[in-house]
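Spelled out, the chains give:
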Amino acid sequence: MKELSLNILDIAENSVKARADKVEITLTETDETLEIKISDNGCGMKPDFLAEVTDPFTTTRTTRKVGLGIPLFKMASEQTGGALTVTSKHEDEYPEDHGTVTAALFYKNHLDFTPLGDVISTLTVLIQGSPDIRWVYTHTMPKGTVSLDTNELKAVLGEEVPLNLPEVLVWISDYLKEQYGEVN
């Protein structure tokens, strides 16, 4: 993928498919590194599936036998000298505390570092497609933090205003752009 934001989109869509009602996307950036972590409270993965999750021929899809999202994310991190980890607790074994955490570390000064890309569009697409999920986004950088929690938006707007209304999505995009403008 040409941008890491597309990897974030792909992994977060996996969280939606896993029936998560809360997805946290956390970016922690220093001058040298970028860590991307996507955590959810979805159904989780069984140990045998988790052991094979970075194999491109391991997928839950029935329409095709190839799943490239996690393998490509792993490759993007490893080609910079970083690494990817995926931990998961399946709901059958952990009925009260299940979900998946996918974390990747990137070294930004490496020649093969893939740019982050348009993470604001990624977030608005995720909210548009799954407005009932609680999306928690935090991007910590050396000069400050950008954050968004859809539960806070719902508290202000009220439950009767859906987050996927075009006007609300434009406001979310502008709100994030304003925050990024203050820390860049």
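Scroll up for the structure.
Residues numbered from 1 in each chain as written. Predicted model: local features only at pLDDT ≥ 70, side-chain atom pairs only at ≥ 80, totals over all residues. Heavy atoms only, no water.

Student: Can you walk me through the overall build of the protein in this structure?
Tutor: For the protein, the count of helices and strands is six helices and six strands. Listed by position from the N terminus, the elements making up the protein come as α-β-β-α-α-β-β-α-β-β-α-α. Here the C-alpha radius of gyration of the protein, 17 Å, is about what a compact globule of 184 residues would show, namely 16 Å. Expressed along its principal axes, the backbone C-alpha trace of the protein runs to roughly 45 × 40 × 30 Å. A burial count over the protein gives 43% of its 184 residues as buried. (Helix = DSSP H or I, 4+ residues; strand = E, 2+ residues; numbered from the N terminus. Rg over C-alpha atoms; globule rule 2.2 N^0.38 Å. Buried < 20%, exposed > 50% of the residue type's maximum accessible area, 1.4 Å probe, protein only.)

Student: Help me understand the pattern of salt bridges in this model?
Tutor: Pairing between side chains becomes possible if they bear opposite charge and their charged atoms approach one another. Inspection of the entire model under this criterion finds seven salt bridges. Two residues, Arg-19 and Glu-91, come together in a salt bridge whose shortest N-O distance is 2.6 Å. Here the residue Arg-19 occupies a position in the loop between α1 (4-17) and β1 (22-29), and Glu-91 occupies one in the loop between β3 (83-89) and β4 (99-107), the gap between them amounting to 72 residues. Under the relative-accessibility criterion, Arg-19 is labelled exposed at 54%. Here Asp-92 ties to Lys-46 by a salt bridge, and the two come within 3.6 Å at their closest N and O atoms. (Salt bridge = Lys/Arg side-chain N within 4 Å of Asp/Glu carboxyl O.)

Student: Please explain the packing of α1 against helix α4 (residues 119-129) as it appears in this structure.
Tutor: Any two packed helices are characterised by the angle at which their axes cross and by the distance between the axes. At a closest axis distance of 9 Å, the pairing of α1 and α4 adopts a crossing angle of 20 degrees. In this view, α1 runs roughly parallel relative to α4, as classed from their interaxial angle. Relative to α4, α1 is oriented so that their crossing is right-handed. Here Ser-5, Ile-8, Leu-9, Ala-12 and Glu-13 of α1 lie close against α4, whose contacting residues are Val-119, Thr-122, Val-125 and Leu-126. Taken together, the residues that form the contact of α1 with α4 break down as six nonpolar, two polar and one charged. (Axes fitted to C-alpha atoms, helices over the stretch in contact; angles between N-to-C directions. Parallel < 35°, antiparallel > 145°, perpendicular 65-115°, else oblique. Left-handed = near helix turned anticlockwise from the far one by under 90°. Contact = heavy atoms within 4.5 Å. Nonpolar A, V, L, I, M, F, W, Y, C, P; charged D, E, K, R; others polar.)

Student: In this structure, what is going on with the nonpolar core? I would like to understand it.
Tutor: A general trend in soluble globular proteins is that nonpolar side chains are found buried together. Formed by 41 residues in total, the largest nonpolar core has its most connected members in Ile-25, Ile-36 and Tyr-137. Residue contributions to this core peak at six residues, all from helix α6 (residues 166-183). Every residue in contact with Tyr-137, bar those within four places of it in the chain, is listed here: Ile-25, Leu-27, Val-119, Leu-123, Val-146, Ser-147, Leu-148, Leu-176 and Tyr-180. (Core = buried A, V, L, I, M, F, W, Y, C linked by side-chain atoms within 4.5 Å.)

Student: What exactly am I supposed to notice about the environment of Gly-42 here?
Tutor: Secondary-structure assignment places Gly-42 in the loop between β2 (33-40) and α2 (47-51). Linking Gly-42 and Asp-97, residues 55 residues apart in sequence, is a C-alpha distance of 9.6 Å. When near neighbours in sequence (up to four residues on either side) are disregarded, Gly-42 contacts Ala-18, Arg-19, Ala-20, His-98 and Gly-99.

Student: Looking at this structure, how should I read the sheet that holds β4?
Tutor: Whenever strands of a sheet pair, they do so through backbone hydrogen bonds, lying parallel or antiparallel. Across the sheet, which stays open at both edges, the six strands sit in the order β3-β4-β2-β1-β5-β6 with mixed pairing between neighbours. Strand pairing shows two members of the sheet lacking a second neighbour, β3 and β6 (144-149), which therefore form its edges. Strand-to-strand twist in this sheet, taken as the mean axis angle between neighbours without regard to direction, amounts to 5 degrees. Sheet analysis places β2 next to β4, joined by eight bridges and oriented antiparallel. Each bridged residue has a counterpart across the sheet, and for Ser-39 the counterpart in β4 is Val-101. Each of β1, β5 (134-141) and β6 touches α4; the most contacted strand, β5, lies at about 170 degrees to it. Lying on the sheet, α6 is in contact with β5 and β6; it crosses β6 at an angle near 165 degrees. (Pairing = 2+ DSSP bridges.)

Student: Sorry, what's going on with the pairing of β5 here?
Tutor: Sheet topology places β1 next to β5; seven bridges connect them, and they run parallel. Across the sheet, residue Thr-28 finds its bridge partner in β5, namely Thr-140. Sheet topology places β5 next to β6; six bridges connect them, and they run antiparallel. Looking at the pairing, Thr-138 lines up with Ser-147 of β6. Between β5 and β6, which pair antiparallel and follow one another directly, the connecting turn spans two residues.

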